[in-house]
Amino acid sequence: MTTSEIGTSGSGASGDLDPATEPSAAGRLTAVRESVRVGLTAVVGSDGTVRRPCASRALESALLLVLLRRCGSHPQEQRELAAYLGGPQARADAFGTAMARAALDGLSPGTDVVGSQLLAGFDHFSRVRKRLLFDVYLAVAGAAPFDESMLRPPREPDRSADAGSDSGGGDNTVTWIEMIMLSVRVVVAHGLGAGDQVTEWERGRLLELLGSSRTPVWENYPAAHLMALLAVHEFAPGHALVQSGVAAVLACRNTDGGVPSMANLDVFSTGPAGLALARAGADRGLLHRMCDYLTGQQMPDGGWAFGEHMGHSDVDASSYAAACLAAVDPARHRPALKRAGGYFRSIAGRDGGFPTYMKGDPSEVGMTAGALCALAWNGAAHGDLLANGARWLLDAQHKDGTFERSWSLSEANTIWRAMWALHSMPEPARTTLAQRIADASDASYRFLARAQNDDGGWGYRPGDPSDTTSTSYSLLALSAMNRRRQEDQVVRAGVEHLLSRQRPDGTFTALPDQVAPRPLLFDVPVFTDIWVLLALTACDTAPAE
């Protein structure tokens, strides 16, 4: 019998704890939660920043190896990259394996790993662009020849605002997407022996974009930087931007010799870490340092970027940063929160939802939920955004209680964020939408109860093996619905499973979940402690009134 079969109807909680076992269970939970809090506190720097790297990834490591070979430079670094690509960490999925084998041995994957695996089930407005991009990555690595179908139409100055309209979403107004797709055109044209089709304006625009970043690795995005360097190397191999770019990417490598998926994710990491520590009752001085760091990183438009010194904010990083400020001290951080409110208002879609990057792009569940959570501290000023966004979320729920997965591989991620948002609604939306929120909660509860594995945990999707991150998300979703360990068997079994994931040295590990470029995995190990601490704190506190 699975845990979801033991008295877990969607209409109520189930199974009070045995008084004889509760003290030991509660004590163990308290001890583990405290150890995670202490561990997460230890990684916060004196300036309030969580500075922890992304794990290395095959995509960026293979692109750098190809570039160094073409430049004929850095033989020792080439050997280190090859050693990383030959190891198991680089081959965690079919796409990574294909990139590694192609870069090392020129081998074809033999199957369509992009269409049949990487993008299987990927229902997103950027799918056409992603298909092209991943196919080109494989061609650059040597897994397949370049094809005429990869060559996009030429870019001209008067078309720069609508680049990528064939993606179905017009999202190429984001600078890094413009640079990536321009780089793709240049690389493909030269790969086909048709470099003369690249216009002088396109070459100039690519150099302009490549030189525009204030970060050593272009906008902290190694894959975009490497594609641009490969493109410029085709028509200006000795250009200073190629030399400085190679040096910057080499400098950001991890100790395993590989290249991380993001060069700097410190702003994004600090937001949810501060939120988790605030909910766990961390030292106020520590929390104020973290918030001071975040307010110092706020962009002129009132939002936040995922890393330092970047040029473009995004709703995801902004949501976690603002939620952290509101959780720690909304009065102290009122000026920053007001600016954040202006940012969210400026990017909100006409449908009530929120996109990730640009106003006018399609709304997404995770972004909409995050924005609503960040705005809920001031319902009087943002009542219209909250009510409209809540209706959009309710309309976006699937019949089985799930939502689009968007930026996560785990079904539970957007369920958690949506439930957190819907149960944070201030008046009058709370009363107006009360029945719809209750119905949505029941549907999501039933899904999570059915999806729970025999061991008490959850996987990315029903039937997948339990993993730490999905279990944390699921417990957060249940807690947002006011389900608690003391009264609910689903929560109780989930907590027991999560506690069992702690290793003898006190740490937790997790499968990679965050994805960029979607749906490609990237791994940020510090996130494991953040989600675990949030979950273990939320599932044992008093329900919201």
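Residues numbered from 1 in each chain as written. Predicted model: local features only at pLDDT ≥ 70, side-chain atom pairs only at ≥ 80, totals over all residues. Heavy atoms only, no water.

A separate point is the pattern of salt bridges. In this structure the tally under the stated criterion is 24 salt bridges. The salt bridge involving Arg51 is made with Asp47; its shortest N-O contact spans 3.0 Å. When its relative accessible area of 37% is taken as the criterion, Arg51 is described as partly exposed. Relative accessible area serves as the criterion here: at 36%, Asp47 is assigned to the partly exposed category. Across the salt bridge formed by Glu60 and Arg57, the nearest N and O atoms sit 2.6 Å from each other. In this pair, the class of Glu60 matches that of Arg57, namely buried. Among the charged side chains, a salt-bridge network with shared partners connects Asp47, Arg51, Asp266 and Glu308. (Salt bridge = Lys/Arg side-chain N within 4 Å of Asp/Glu carboxyl O. Buried < 20%, exposed > 50% of the residue type's maximum accessible area, 1.4 Å probe, protein only.)

For the pair helix H2 (residues 58–71) and helix H9 (residues 222–235), the least separation of the axes is 9 Å and the interaxial angle reads 20°. Between H2 and H9, the interaxial angle falls into the category roughly parallel. Taken as a pair, H2 and H9 cross one another with a handedness that is left-handed. Within the contact between the two elements, H2 uses Leu59, Glu60, Leu63, Leu64, Val66, Leu67, Arg70 and Cys71 and H9 uses Pro222, Ala223, Leu226, Met227, Leu229, Leu230, His233 and Glu234. (Axes fitted to C-alpha atoms, helices over the stretch in contact; angles between N-to-C directions. Helix = DSSP H or I, 4+ residues; strand = E, 2+ residues; numbered from the N terminus. Parallel < 35°, antiparallel > 145°, perpendicular 65-115°, else oblique. Left-handed = near helix turned anticlockwise from the far one by under 90°. Contact = heavy atoms within 4.5 Å.)

Moving on, we come to the confidence of the model for the protein. With 90% of its residues at a pLDDT of at least 70, the protein reaches an overall mean of 90. This stretch, residues 1–15, has a pLDDT under 50; its non-local contacts, to residues over four places away or in other chains, come to 39 contacts. Taken as a whole, residues 159–172 scores under 50 in pLDDT and shows 32 contacts with residues more than four places along the chain or in a different chain. (pLDDT = per-residue confidence, 0-100.)

So, on to the packing of aromatic side chains. Aromatic ring pairs: the centre-centre distance and the angle between the two ring planes describe each pair. Applying the stated criterion across every chain, the model contains 15 aromatic pairs. Aromatic side chains Trp416 and Tyr473 sit 5.9 Å apart centroid to centroid with 15° between the ring planes, which places their arrangement in the stacked category. You can see Trp416 sitting in helix H17 (residues 411–422) and its partner Tyr473 sitting in helix H20 (residues 468–480), a full 57 residues away along the chain. Among the residues examined, Trp416 registers a relative accessible area of 2% and is labelled buried. One aromatic cluster is present, formed by Phe268, Tyr320, Trp416, Trp420, Tyr473, Phe527 and Trp531 through successive ring pairs. Cation over ring: Arg279 sits above Trp420, and NZ or CZ is 5.0 Å from the ring centre. Sitting over the face of the ring of Tyr445, Arg483 holds its NZ or CZ atom 3.7 Å from the ring centroid. (Phe/Tyr/Trp six-rings, centres within 6.5 Å; stacked < 30°, edge-to-face > 60°. Lys NZ or Arg CZ within 6 Å of the ring centre and 35° of its normal.)

As a further point, take helix H16 (residues 379–396). Between its terminal C-alpha atoms H16 stretches only 22 Å, short of the 26 Å expected from 18 residues at 1.5 Å a residue. Most pronounced at Leu385, the bend in H16 amounts to some 40°. As for H16, its buried residues are in contact with helix H14 (334–347), helix H15 (365–375), H17, helix H18 (429–432) and helix H19 (434–451). (Expected span 1.5 Å × (residues − 1). Bend = angle between axes of the 7 residues up to and from the residue.)

Following both chains from N to C, one finds H2 and helix H6 (residues 127–141) inclined at 40°, their axes separated by 9 Å at the closest point. It follows that H2 is oblique to H6 by the angle criterion. The way H2 lies across H6 gives a crossing that is left-handed. For the pair formed by H2 and H6, the contact residues are Leu59, Leu63, Val66 and Arg70 on the first element and Tyr137, Val140 and Ala141 on the second. Residues of the contact of H2 with H6, tallied by class, amount to 6 nonpolar, no polar and 1 charged. (Nonpolar A, V, L, I, M, F, W, Y, C, P; charged D, E, K, R; others polar.)

Looking now at the nonpolar core. Counting 185 residues, the largest nonpolar core has Phe95, Tyr137 and Phe344 as its most contacted members. Among the elements that take part in this core, helix H7 (residues 175–191) stands out by supplying 11 residues, more than any other. Every residue in contact with Phe344, bar those within four places of it in the chain, is listed here: Val315, Ser318, Ser319, Ala322, Phe354, Ala371, Ala374 and Leu375. (Core = buried A, V, L, I, M, F, W, Y, C linked by side-chain atoms within 4.5 Å.)

Spanning 13 residues, helix H12 (residues 284–296) covers 18 Å between terminal C-alpha atoms, matching the ideal 18 Å at 1.5 Å per step. Considered for burial, the residues of H12 that qualify are Leu286, Leu287, His288, Met290, Cys291, Tyr293 and Leu294. The opening residue of H12, the one whose side-chain oxygen lies 3.0 Å from the backbone nitrogen of Gly285, is Asp283. (Polar contact = N/O pair within 3.5 Å; in protein donor to acceptor, adjacent residues only side chain to side chain.)

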